[in-house]
Amino acid sequence: KTFAVSMPIKQIKKQHELSVMHQKWLKKKFKNVHTPLINLDKVFNNFKKSLNKFNSTHGLANSRSRLRMTTLYQIAQSNNGLVVGTGNKVEDFGVGFYTKYGDGGVDISPIADCNKTEVWELGKELGILKEIIDAPPTDGLWDDGRTDEGQLGFNYSELEDAMINPDSPHKAKYEK
């Protein structure tokens, strides 16, 4: 069994629609895929209310990721399974753009050695929906819809260049 879980938490409508679209594609393509939708809005709202005295400048954005990871581990445990990460070489292992004990807390990371551009190429090769491949990468943790590249201050090709090429003009900016 493979579970492709959609776990919206105050999700921007377009992000959630892409998630559901991808679930439907996976279910149609692979017989072993199960696609539960677990809305975590109420859990998050209660969590936020309980911790209102402990808010920070970042709000509770990373807590969304941690609630999702807790949910995935419960699903995995109830099915004698593993949590599979989607982190790649640039995000997780290059610049550390993940949430500790959130999306970074996984059992295996099958695409960990792939750059982001290689992940996009792999997606094209596998026939993943164009809308998914072309969507601006986002962690989906912010109400304002910010993208990964907006948060990082780099686009992925600049990051890859800085990581690979010692003479990259992006390297000095990246090392800051």
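Our subject is the structure that appears above.
Residues numbered from 1 in each chain as written. Predicted model: local features only at pLDDT ≥ 70, side-chain atom pairs only at ≥ 80, totals over all residues. Heavy atoms only, no water.

Caption draft 1: Molecular detail of the pattern of salt bridges. Per the stated rule, a full pass over the model turns up 7 salt bridges. Ionic pairing is found between K89 and D113, a salt bridge with its closest N-O pair at 3.4 Å. Linking K89 in the loop between α3 (61-78) and α4 (91-95) with D113 in the loop between α4 and α5 (116-126), this pair joins segments that are 24 residues apart in sequence. By relative accessible area, K89 is classed as partly exposed at 33%. Residue D134 is joined to K130 by a salt bridge in which the shortest nitrogen-to-oxygen separation is 2.5 Å. Separated by 4 residues within a single helix, D134 and K130 lie in helix α6 (residues 130-134), roughly one turn from each other. On the accessibility criterion, K130 (59% relative accessible area) is exposed. (Salt bridge = Lys/Arg side-chain N within 4 Å of Asp/Glu carboxyl O. Helix = DSSP H or I, 4+ residues; strand = E, 2+ residues; numbered from the N terminus. Buried < 20%, exposed > 50% of the residue type's maximum accessible area, 1.4 Å probe, protein only.)

Caption draft 2: Spotlight on the side chain of Q23. Of note, Q23 is situated in helix α1 (residues 13-29). For Q23, a relative accessible area of 7% corresponds to the buried category. In contact with Q23, not counting residues within four places along its chain, are A4, V5, S6, T35 and P36. (Contact = heavy atoms within 4.5 Å.)

Caption draft 3: Inspection of the nonpolar core at higher detail. Among the nonpolar cores identified, the biggest contains 8 residues, and these are V5, M7, I9, L40, F44, L60, L67 and I75. In terms of nonpolar packing, the next biggest core, distinct from the first, is built from 6 residues, A4, V33, I128 and I133 among them. (Core = buried A, V, L, I, M, F, W, Y, C linked by side-chain atoms within 4.5 Å.)

Caption draft 4: Structural context of a nonpolar patch on the surface. A surface patch of nonpolar side chains, amounting to about 270 Å² of accessible area, comprises L82, V84 and I108. With a relative accessible area of 39%, I108 lands in the partly exposed category. (Patch = residues over 30% accessible without salt bridge, like charges linked within 9 Å, V, L, I, M, F, W, Y side chains within 5 Å. Areas by Shrake-Rupley, 256 points an atom, 1.4 Å probe, with all protein chains shown as cover.)

Caption draft 5: Quick peek at the packing of aromatic side chains. Tallying each qualifying case throughout the model produces 2 aromatic pairs. With a centroid separation of 6.0 Å and an interplanar angle of 85°, the aromatic rings of W120 and Y156 are classed as edge-to-face. Placement of W120 in helix α5 and of Y156 in helix α8 (residues 156-164) is noted, with a sequence separation of 36 residues between them. Judged by relative accessible area, which is 24%, W120 ranks as partly exposed. Under the relative-accessibility criterion, Y156 is labelled buried at 1%. The side chain of R64 reaches across the aromatic face of F44, ending 5.0 Å from its centre. Above the face of the Y156 ring, K116 is positioned so that its terminal group lies 5.1 Å from the ring centre. (Phe/Tyr/Trp six-rings, centres within 6.5 Å; stacked < 30°, edge-to-face > 60°. Lys NZ or Arg CZ within 6 Å of the ring centre and 35° of its normal.)

Caption draft 6: Looking closely at unusual backbone geometry. We note that K10 has phi near 50°; this positive angle belongs to a residue other than glycine. Among the secondary structure elements, K10 is positioned in the loop between β1 (2-3) and α1. Backbone geometry at Y101 places phi at a positive 65°, although glycine is not the residue there. Within the secondary structure, Y101 is located in the loop between α4 and α5. You can call Y101 exposed: its relative accessible area is 62%.

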